Amino acid sequence: MKFSLELLPNEPIKDIIEVIQLAEEIGFENVWITDHYNNRDVFEVLSIAAYETSTIKMGSGVSNPYVRNPVTIAAATSTLNEISEGRALLGVGPGDKATMETLNLSWNKPVKTVKDAIVNIRKLLNGETLEQGAYLNGTKKIENKIPIYMAAQGPMMLKGSGEVADGCLINASNPKDFEIAIPLIKEGIKKVNKSEKDFTFAAYTACSIDKDVNEAYKQSKIVVAFIMAGAPDIVLERHNISKDVAIAVRDALSKYDFKTAASLIDENMINAFSVCGTPENIQEKIEQMDSLGINEFVVGSPIGKDRVKSLKLLGDIINSYD
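Attention in this report is confined to the structure presented alongside it. (Residues numbered from 1 in each chain as written. Predicted model: local features only at pLDDT ≥ 70, side-chain atom pairs only at ≥ 80, totals over all residues. Heavy atoms only, no water.)

1. Side note on the overall build of the protein
Consideration 1: Within the protein one finds 14 helices and nine strands.
Consideration 2: Burial statistics for the protein: of 322 residues in total, 49% are counted as buried.
Consideration 3: Within the protein, contacts between residues separated by at least 24 positions form 75% of all contacts whose residues are at least 6 apart in sequence.
Consideration 4: Only carbon and sulfur atoms are counted for the fraction: they give 49% of the accessible area of the protein, which is about 15,200 Å².
Consideration 5: For the protein, the distance from the average position of its 35 positive side-chain charges to the average position of its 44 negative side-chain charges is 4 Å. (Helix = DSSP H or I, 4+ residues; strand = E, 2+ residues; numbered from the N terminus. Buried < 20%, exposed > 50% of the residue type's maximum accessible area, 1.4 Å probe, protein only. Contact = heavy atoms within 4.5 Å. Areas by Shrake-Rupley, 256 points an atom, 1.4 Å probe, with all protein chains shown as cover. Lys, Arg positive; Asp, Glu negative; His and termini not counted. Charge placed at Lys NZ, Arg CZ, Asp CG, Glu CD.)

If you want it as structure tokens, here you go:
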């Protein structure tokens, strides 16, 4: 089991680097930094992190081919790989409709667009020229294969990740979702005659850990509210969550009434959309994921009330897998 950390570049860069250095010290193998237009630029932050660390691998988690052209994603990732001396990763996903509308971008054929982007990025990183003539000649190629993950949640995107990517960042936290997602990914892998043993099935989770389970639940509520508000009806039904409650949460968030939104979140919702609890609870859930075929556990927001203490608690779990 690999252990990874997801961070949002929405705080001072100095603080982000300190967290990444701590994660490296604790034993995290990868760090994923989210790529949103309204935060600090992900590749600039990653480049600084590469100079300030020595072993942890890192990448955007995730970039999308609507906001960033695949050629520029490839160039940025190749540059990061040079700076980090071969530690670059890359996550590619479709983004979300709301962001595209905000940026006045068309969100056409997301599955095909993301698959094509990954294929073209891989060609560019391998030194090939695209059909349209684009190529990279100003970056130094490090002799290693940069792992490209596809972020996925829906059935077609999950299958597509198996076809074209080296790993899938499965946007879920609950075993029920992984039981459905993993066979779909394997279907894509089988379609192109790849080997499952080289593929990374990553659980891209919302995680909250604390020695006090009630504090862990409390910290997770607003993150769960945002996830639940965007969940499709089929996912709500899978977890026995009332559509009316989901609508109420969505309405509260739209009014920036976070207190009301959080008050609507119960334990069932927390367990549906996050990995939450004491270190013992978290370890039990990771072991369950392991048994289902997950081989990378990504620790995403909120992490905990005191992020440093929570990461150190996760360090004890990581060490148990050494």
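2. Side note on unusual backbone geometry
Consideration 1: The peptide bond linking G61 to V62 adopts the cis configuration, its omega dihedral lying at 10 degrees.
Consideration 2: Across the junction of S301 and P302, the peptide omega takes the value 15 degrees, indicating a cis bond.
Consideration 3: Relative to the elements of secondary structure, P302 occurs in strand β9 (residues 296-303).
Consideration 4: Positive phi values are uncommon outside glycine, yet K109 reaches one of about 45 degrees.
Consideration 5: Summarising the element assignment, K109 is placed in the loop between α4 (97-102) and α5 (110-125).
Consideration 6: For K109, a relative accessible area of 61% translates into the label exposed.
Consideration 7: Even without being a glycine, I303 presents a positive backbone phi close to 70 degrees.
Consideration 8: Relative to the helices and strands, I303 is located in strand β9.

3. Here we look at the packing of aromatic side chains
Consideration 1: Applying the stated rule across the entire model yields five aromatic pairs.
Consideration 2: Between the aromatic rings of W32 and Y149, the centroid separation amounts to 4.8 Å while the plane-to-plane angle is 75 degrees, which identifies the pairing as edge-to-face. Note that W32 is positioned in strand β2 (residues 30-33) and Y149 in strand β5 (residues 148-152), a separation of 117 residues in sequence. (Phe/Tyr/Trp six-rings, centres within 6.5 Å; stacked < 30°, edge-to-face > 60°.)

4. Details of the pattern of salt bridges
Consideration 1: Enumeration according to the criterion identifies 15 salt bridges in this entry.
Consideration 2: Measuring nitrogen to oxygen at the nearest pair gives 2.6 Å for the salt bridge that ties R122 to D166. Note that R122 is positioned in helix α5 and D166 in the loop between α6 (155-164) and β6 (167-170), a separation of 44 residues in sequence.
Consideration 3: Residues joined by salt bridges that share partners form a network here, namely D35, D41 and R68. (Salt bridge = Lys/Arg side-chain N within 4 Å of Asp/Glu carboxyl O.)

5. Quick notes on the packing of helix α2 (residues 42-51) against helix α3 (residues 70-83)
Consideration 1: Relative orientation of the contacting elements α2 and α3 amounts to 15 degrees, with a least axis distance of 9 Å. When the axis of α2 is compared with that of α3, the two are roughly parallel. Taken as a pair, α2 and α3 cross one another with a handedness that is right-handed. Across from F43, L46, S47, A50 and Y51 in α2, the residues of α3 making contact are A76, T77, L80 and I83.
Consideration 2: Here the contact of α2 with α3 is built from residues that sort into seven nonpolar, two polar and no charged. (Axes fitted to C-alpha atoms, helices over the stretch in contact; angles between N-to-C directions. Parallel < 35°, antiparallel > 145°, perpendicular 65-115°, else oblique. Left-handed = near helix turned anticlockwise from the far one by under 90°. Nonpolar A, V, L, I, M, F, W, Y, C, P; charged D, E, K, R; others polar.)

6. Overview of the environment of L184
Consideration 1: Mapping L184 onto the fold places it in helix α7 (residues 175-191).
Consideration 2: For L184, a relative accessible area of 16% corresponds to the buried category.
Consideration 3: Taking C-alpha positions, L184 is 9.3 Å from S161, a pair spaced 23 residues apart along the chain.
Consideration 4: Setting aside anything within four residues of it in sequence, one finds L184 in contact with P155, L158 and K159.

7. Describing the packing of α5 against α6
Two packed helices can be described by the angle between their axes and the distance between those axes.
Consideration 1: Running from N to C, α5 and α6 cross one another at 15 degrees; their axes reach a closest spacing of 10 Å. Here α5 is positioned roughly parallel relative to α6, judged by the angle of their axes. Crossing angle aside, the handedness with which α5 passes α6 is right-handed. Counting all contacts with α5, which are made through P110, V111, V114, K115, I118 and V119, the residues of α6 involved are M156, M157, G160, E163 and V164.
Consideration 2: The residue inventory of the contact of α5 with α6, partitioned by class, reads eight nonpolar, one polar and two charged.

8. Brief notes about the side chain of S310
Consideration 1: As for its placement among the helices and strands, S310 is situated in helix α14 (residues 307-320).
Consideration 2: Overall, the relative accessible area of 3% leaves S310 in the buried class.
Consideration 3: At 2.8 Å, the side chain of S310 forms a polar contact with the backbone oxygen of I209.
Consideration 4: Setting aside chain neighbours within four positions, we find S310 in contact with I209, I303, G304 and K305. (Polar contact = N/O pair within 3.5 Å; in protein donor to acceptor, adjacent residues only side chain to side chain.)

9. Concerning the nonpolar core
Consideration 1: Formed by 67 residues in total, the largest nonpolar core has its most connected members in L5, F28, I170 and L311.
Consideration 2: For this core, the leading source of residues is helix α1 (residues 13-26), giving seven residues.
Consideration 3: Here L5 is in contact with V19, A23, F28, N30, V31, W32, V298, V299, I303 and L311, once residues within four sequence places are set aside.
Consideration 4: Of all hydrophobic cores here, the second largest spans 21 residues; its members include A231, A252, A272 and F273. (Core = buried A, V, L, I, M, F, W, Y, C linked by side-chain atoms within 4.5 Å.)

Keep in mind these numbers describe shape, not what the thing actually does.
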